[in-house]
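# Chain and residue survey
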Amino acid sequence: MKNPRGFTLVELMVVIVVIGVLSALMVGINSQTYGTSSMNVADELVSQMELCKMRAVSTRRWHRCEVTPTTVTVMQWQSTGMAPPSATPGGVWYVVQTLTVGAGISVWGATTAACATAPCAGAPASANTSLVFDIDFKPDGSSTGGTLFITDPGQNKMYRVVIYTATGGSYARNSW
């Protein structure tokens, strides 16, 4: 009986070929760059609105999503209950999370009306660079509602995020 010591040249070549094929497949899959797009930003904004809603319901505190052209900040009111934050003098909003919108994409505008079908009457004609829009979520899950308009600088892809008042649900829709 012979004791095998090591690998044959054929076995080593087969392993190298298998590794080469797998690495070629991985490079082919991962070489595609995924930049920021209006659709991705719209989906991220929907996620942030859902986070606000779920935190409001689970913590029984008012939550606010403050939207600017380049950021969305999630804030939580200091006390629990259905009493509106404005009814509590001296109250404080605590910042929970801030999302930065990707480069080249911005929130062009917002309106308090929930625009479910295009064309939207409140759609902006140009970017509102000083936009500060607050959407408040109550502890019961309802919200102040509204529509956010997202696009790239050339307005090639336009999306809107609709936040409904009664349910607090938010959805991304194509076009304005």
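Provided above is the structure to which this section pertains.
Report follows, based on the coordinates. In this convention, every chain numbers its residues from 1, walking through the sequence in written order. With the structure being a predicted model, the display of local features is reserved for residues of pLDDT at least 70 and the display and counting of side-chain atom pairs for 80 or more, all residues being used for whole-chain, interface and lining totals. Side-chain measures were taken over the full set of non-hydrogen atoms in the model, leaving aside hydrogen atoms and water.

### Focus on the sheet that holds strand 1 (residues 61–67)
Short version of the rule: Two strands make a pair as long as DSSP finds a minimum of two bridges between them. Only DSSP runs of H or I with at least four residues qualify as helices, and only runs of E with at least two residues qualify as strands; both kinds are numbered from the N terminus onward. Axis lines are fitted to C-alpha atoms, over the contacting stretch for helices. Their N-to-C directions set the angle, which ranges from 0 to 180 degrees.
Reading across the sheet, the four strands line up as 3-2-1-5 and stay open at both edges, with antiparallel pairing between neighbours. Taken across any chain shown, the strands that pair with only one partner, and hence form the sheet edges, are strand 3 (93–100) and strand 5 (133–137). Strand-to-strand twist across the sheet, computed as the mean angle between neighbouring axes with direction ignored, equals 20 degrees. Both strand 2 (residues 71–80) and strand 3 contribute to a ladder of seven bridges, which runs antiparallel. Of the residues in strand 3, the one forming a bridge with Trp-77 is Trp-93.

### Observations regarding the state of the cysteines
Cut-off, in case you're wondering: We call a pair of cysteine sulfur atoms a disulfide whenever their separation is within 2.5 Å. Throughout this description, buried means an accessible area under 20% of the type-specific maximum (1.4 Å probe, protein chains only), exposed means over 50%, and partly exposed covers the range between.
Evaluation of the coordinates by the stated rule reveals two disulfides. Two residues share a disulfide in this structure: Cys-52 and Cys-65, whose sulfurs sit 2.1 Å from each other. On the sign convention where negative is left-handed, the bridge of Cys-52 and Cys-65, at about 110 degrees about the S-S bond, is right-handed. Taken as a pair, Cys-52 in helix 2 (residues 38–59) and Cys-65 in strand 1 lie far apart in primary sequence, 13 residues in all. Taken as a pair, Cys-52 and Cys-65 share a single burial class, namely buried.

### Overview of the pairing of strand 6 (residues 146–151)
In terms of residue burial, strand 6 counts as a mostly covered element, since six of its six residues are buried. Side chains Gly-146, Leu-148 and Ile-150 project from strand 6 onto one buried face, and the interleaved Thr-147, Phe-149 and Thr-151 project onto a second face that is buried too. With five bridges joining them, strand 4 (residues 106–111) and strand 6 adopt antiparallel strand pairing. Across the sheet, Thr-111 pairs through a bridge with Thr-147, a residue of strand 6. The loop that links strand 6 with its antiparallel partner strand 7 (residues 158–163) comprises six residues; one of these, Gln-155, has a positive phi angle of about 50 degrees.

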